[in-house]
Amino acid sequence: MNLQIALLLGQDGVTSGAIYALLALALVLVFAVTRVIFIPQGEFVAFGALTLAGLQADRLPGTIWLLLALGTAIALVEGGAALRQRRYRRIPLILLVNCAAPLLLAGALVAVSPAGLPLPIQVLLALMLVVPLGPMIYRLVYQPVAEVSVLALLIVSVAVHVTLIGLGLFFFGAEGSRTPAFTEVSFEFGEAVLQGQTILVVVASLVLIIALYFFFERTLYGKALRATAMNRTGARLMGISGQLAGMLSFTLAAAIGAFSGILISPITTIYYDSGFLIGLKGFVGAIIGGLASYPVAAAGAVLVGLLESYSSFWASAFKEVIVFTLILPVLLWRSLTTRHPEEG
Amino acid sequence: MSSLAVDGERPVVLEVRDLSVSYGKVQALHGIALKVHRGEIVTVIGPNGAGKTTLLSALIGLLPASGEILYLGEYQGAGRSVEQLVRLGMTLVPEKRELFSEMSVEDNLLLGAFDRYRAGHRDQLETMDQVFDIFPRLMERREQLAGTLSGGERQMLAMGRALMAKPRLLLLDEPSLGLAPLIIREIFRTIAQLRKTGVAILLVEQNARAALQIADYGYVLETGELSLAGPSSALATDPRVIASYLGLGGRR
């Protein structure tokens, strides 16, 4: 290996590491607030990328049907509850948020041809299609069982993951998609070439991480999420309901996932099931941080990205094995050094 | 909101009739009836395990209960939730304080106003200044993490955080628990002063002497049932209360 290749691999590793770091942060957030190990995190990456690709190819992305179906289901559940509690005034709002808004979006997609729109609008549309799926899935699937054990929530997550993979195949087909690069700029450093898209991914990830930091440190809603993670009962007594915290954390996780997918889709071809492996690598980073520490999780995820990149050069057949083997010494070390109270 | 029932001169904030709570087949509370007026301190005293914490948890909706709970003139049915009651101005300071220990005192206080903030009120900084007036110690400690506070300061923070919600009914669960006598006196003096703000206070205490000193009205809870009730001055001189809860020192 010469310096040029080392730099190239490092650049690759940092790029994927930045994405893994975002996903690791989302996983830590969701786990801390709701105790859910969010295996479907990766599906949001794939859905984000493939929805954008669909829009650019002027196809109506299948995610709109999922959005409409989930919205209708939630409207039925919530509307039924409102009827039983005789709180009729809530019904128009429920219908507006869960049915009218997705319908409006669908109508807009049919009316205008999304392929002709500028890229930022396309990205915004893709996010509008994918991000609401996060809180909707929380509302329908996780909230009714919010009090069960971590293991049961994990099993639910596996079910959601498998369902979303199946839906992904149904919506987007088996072929992969790659979106055009956001920027064609590239820089040359001596012998190494630095791609504009790579810089964009790293910068966008950093900006997002800083934005998350400000959200959690400076805004009352961010503090409310941290408070829920620290002390659930205390938070409830302040009026921060588990539902609010859950919906908020799933919205953030879905947004991070979809945004990551949109960022990497010009770099790598995304298939309907690509998200799982990407999400799993973010998960390795999150585990390094003990599913609790945000900075360690992010650093761990960058380490995963670098390790993956260099191992693909020396032992490409074993690159996944090497990455996932990383988790063994980490788990061993954590189980030897930390004493944690057993959860019931 | 319907007009509040007026009983004597002051409006009734909370009225409970025939309240029962069960943990599975074990009945923890049975046929509880009590009333709290605006600007009044009502105390429920009783020994360990009598069901005092259960009573407050049931009132605020953390536990399911049967019977009638009339809050601000409206029935709170089985569908009542903590979040709804918090929105209606009921606030619990729990026995375990339940602070956000890895956050600063200031952030803990701000979160006390979370529901008001969510409902569109943006007056949390002024409210925080009022809380600092009541508990100057919290002002000194505002940057400190809640987990590093002393026991007395934690209780002050828990109460300050509850006051940030500008409650109409404050439920206090054993504020004296684990505190030194001097601190208890300070906390109880503060509770007595809160009465002036018009908030109704339901104070659950094992420390009967301290509670009866500041309360207007008192109930005695024993093994899940109210055994005695009356103005606290009368309770404090009742021979049964003296024998069980006050000891000889309780005689004036």
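In short, a report on the structure.

Rules and cut-offs
- Residues numbered from 1 in each chain as written.
- Chains lettered and ligands numbered in written order.
- Predicted model: local features only at pLDDT ≥ 70, side-chain atom pairs only at ≥ 80, totals over all residues.
- Helix = DSSP H or I, 4+ residues; strand = E, 2+ residues; numbered from the N terminus.
- Rg over C-alpha atoms; globule rule 2.2 N^0.38 Å.
- Buried ≥ 20, exposed ≤ 12 C-beta atoms within 10 Å, placed from the backbone.
- Contact = placed C-beta atoms within 7 Å.
- Core = buried A, V, L, I, M, F, W, Y, C linked by C-beta atoms within 7 Å.
- Nonpolar A, V, L, I, M, F, W, Y, C, P; charged D, E, K, R; others polar.
- Expected span 1.5 Å × (residues − 1).
- Pairing = 2+ DSSP bridges.
- Axes fitted to C-alpha atoms, helices over the stretch in contact; angles between N-to-C directions.
- Parallel < 35°, antiparallel > 145°, perpendicular 65-115°, else oblique.
- Left-handed = near helix turned anticlockwise from the far one by under 90°.

Considering the overall build of chain B
Okay, so step 1: A tally of helices and strands in chain B yields eleven helices and eleven strands.
Okay, so step 2: A globule of 252 residues ought to have a C-alpha radius of gyration of about 18 Å, and chain B, at 18 Å, matches this closely.
Okay, so step 3: A total of 252 residues make up chain B; the buried ones form 47% of that total.
Okay, so step 4: Taking contacts inside chain B between residues at least 6 apart in sequence as the whole, the part at least 24 apart equals 67%.

Focus on the environment of Val185 of chain A
Okay, so step 1: Inspection of the secondary structure assignment puts Val185 of chain A in the loop between helix H7 (150–172) and strand E1 (186–189).
Okay, so step 2: Sequence separation of Val185 of chain A and Gly196 of chain A is eleven residues, and the distance between their C-alpha atoms is 4.8 Å.

A look at the nonpolar core
Okay, so step 1: Formed by 165 residues in total, the largest nonpolar core has its most connected members in Ala24, Leu25, Ala26, Leu27 and Val30 of chain A together with Leu171 and Ile201 of chain B.
Okay, so step 2: Per-element accounting of this core gives the leading share, 15 residues, to helix H1 (residues 3–34) of chain A.
Okay, so step 3: The residues touching Leu25 of chain A, leaving out its near neighbours within four places in the chain, are Ile209, Leu212, Ile256, Tyr294, Ala297 and Ala298 of chain A.

Topic: the interface of chain A and chain B
Okay, so step 1: Listed as interface residues are 16 residues of chain A and, on the opposing side, 20 residues of chain B.
Okay, so step 2: Secondary-structure elements contributing two or more residues to the side of chain A that touches chain B are helix H9 (220–230) and helix H10 (232–237) of chain A.
Okay, so step 3: Looking at which element gives the most residues to the side of chain A that touches chain B, the answer is H9 of chain A, with six residues.
Okay, so step 4: Counted by class, the side of chain A that touches chain B contains seven nonpolar, six polar and three charged residues.

Structural notes on helix H7 (residues 151–163) of chain B
Residue and element names in this part refer to chain B.
Okay, so step 1: Here H7 contains 13 residues, and its C-alpha end-to-end distance of 18 Å stays within 8% of the 18 Å for a straight helix at 1.5 Å per residue.
Okay, so step 2: Counting buried residues along H7, eleven of its 13 residues qualify, which places the element largely inside the surrounding structure.
Okay, so step 3: For H7, the full list of buried residues reads Glu153, Arg154, Gln155, Met156, Leu157, Ala158, Met159, Gly160, Arg161, Ala162 and Leu163.
Okay, so step 4: Among the structural elements, strand E7 (90–93), helix H3 (105–112), helix H5 (124–134), helix H6 (136–140), strand E8 (169–173) and helix H8 (181–194) are those in contact with the buried residues of H7.

Focus on the sheet that holds strand E9 (residues 200–205) of chain B
Residues and elements named next belong to chain B.
Okay, so step 1: Read across the sheet, six strands follow the order E7-E8-E9-E4-E10-E11 without closing on themselves; strand pairing throughout is mixed. The strands lining the two open edges of the sheet, one partner per strand, are E7 and strand E11 (225–231). The sheet shows a mean angle of 15° between the axes of neighbouring strands, direction not considered.
Okay, so step 2: Pairing of E7 with E8, which is carried by four bridges, proceeds in the parallel orientation. Across the sheet, Met90 pairs through a bridge with Leu169, a residue of E8.
Okay, so step 3: Across the sheet, helix H1 (residues 52–60) touches strand E4 (41–45), E7, E8, E9 and strand E10 (217–222), and the angle it forms with E8 is around 150°.

Let's talk about the pairing of strand E5 (residues 66–71) of chain B
Residue and element names in this part refer to chain B.
Okay, so step 1: Pairing between strand E2 (residues 10–23) and E5: five bridges, direction antiparallel. Considered in E5, the bridge of Glu15 is made with Leu70.
Okay, so step 2: In this structure, the hairpin formed by E5 and strand E6 (residues 74–75) is closed by a connection of two residues, where Leu72 is found at a positive phi of approximately 50°.

Observations concerning unusual backbone geometry
Okay, so step 1: Even without a glycine there, the phi angle at Asp58 of chain A is positive, about 60°.
Okay, so step 2: On the secondary structure map, Asp58 of chain A appears in the loop between helix H2 (41–56) and helix H3 (63–84).
Okay, so step 3: Positioned with a positive phi, Asp18 of chain B is a non-glycine residue whose angle comes to about 55°.

Regarding the pairing of E10 of chain B
Residues and elements named next belong to chain B.
Okay, so step 1: In terms of burial, E10 is a largely internal element, five of the six residues being buried.
Okay, so step 2: With four bridges joining them, E4 and E10 adopt parallel strand pairing. Residue pairing in the sheet places Val42 in a bridge with Tyr217 of E10.
Okay, so step 3: Linkage of E10 to E11, two consecutive antiparallel strands, is achieved through a turn of two residues, within which Thr223 is found at a positive phi near 35°.

Re the environment of Arg141 of chain B
Okay, so step 1: Tracing the chain through its elements places Arg141 of chain B in the loop between H6 and H7.
Okay, so step 2: With twelve residues separating them along the chain, Arg141 of chain B and Glu153 of chain B place their C-alpha atoms 9.0 Å apart.

A short note on the environment of Tyr217 of chain B
All names here are of chain B.
Okay, so step 1: Counting through the fold element by element, Tyr217 comes out in strand E10.
Okay, so step 2: For Tyr217, a count of 20 C-beta atoms within 10 Å corresponds to the buried category.
Okay, so step 3: The spatial distance from the C-alpha of Tyr217 to the C-alpha of Ala234 is 8.9 Å, given a sequence separation of 17 residues.
Okay, so step 4: Beyond its immediate chain neighbours, meaning those up to four positions away, Tyr217 contacts Glu40, Val42, Pro231 and Ser232.

Some thoughts on the packing of helix H6 (residues 133–142) of chain A against H7 of chain A
Residues and elements named next belong to chain A.
Okay, so step 1: Where H6 contacts H7, the two axes come as close as 12 Å, and the packing angle between them is 125°. Here H6 lies oblique to H7, going by the angle between them. Every pair of crossing elements has a handedness; the one defined by H6 and H7 is right-handed. Contact with H6, carried on its side by Ile137, Val141 and Tyr142, involves Leu153, Val156 and Val160 of H7 and no other residues of that element.

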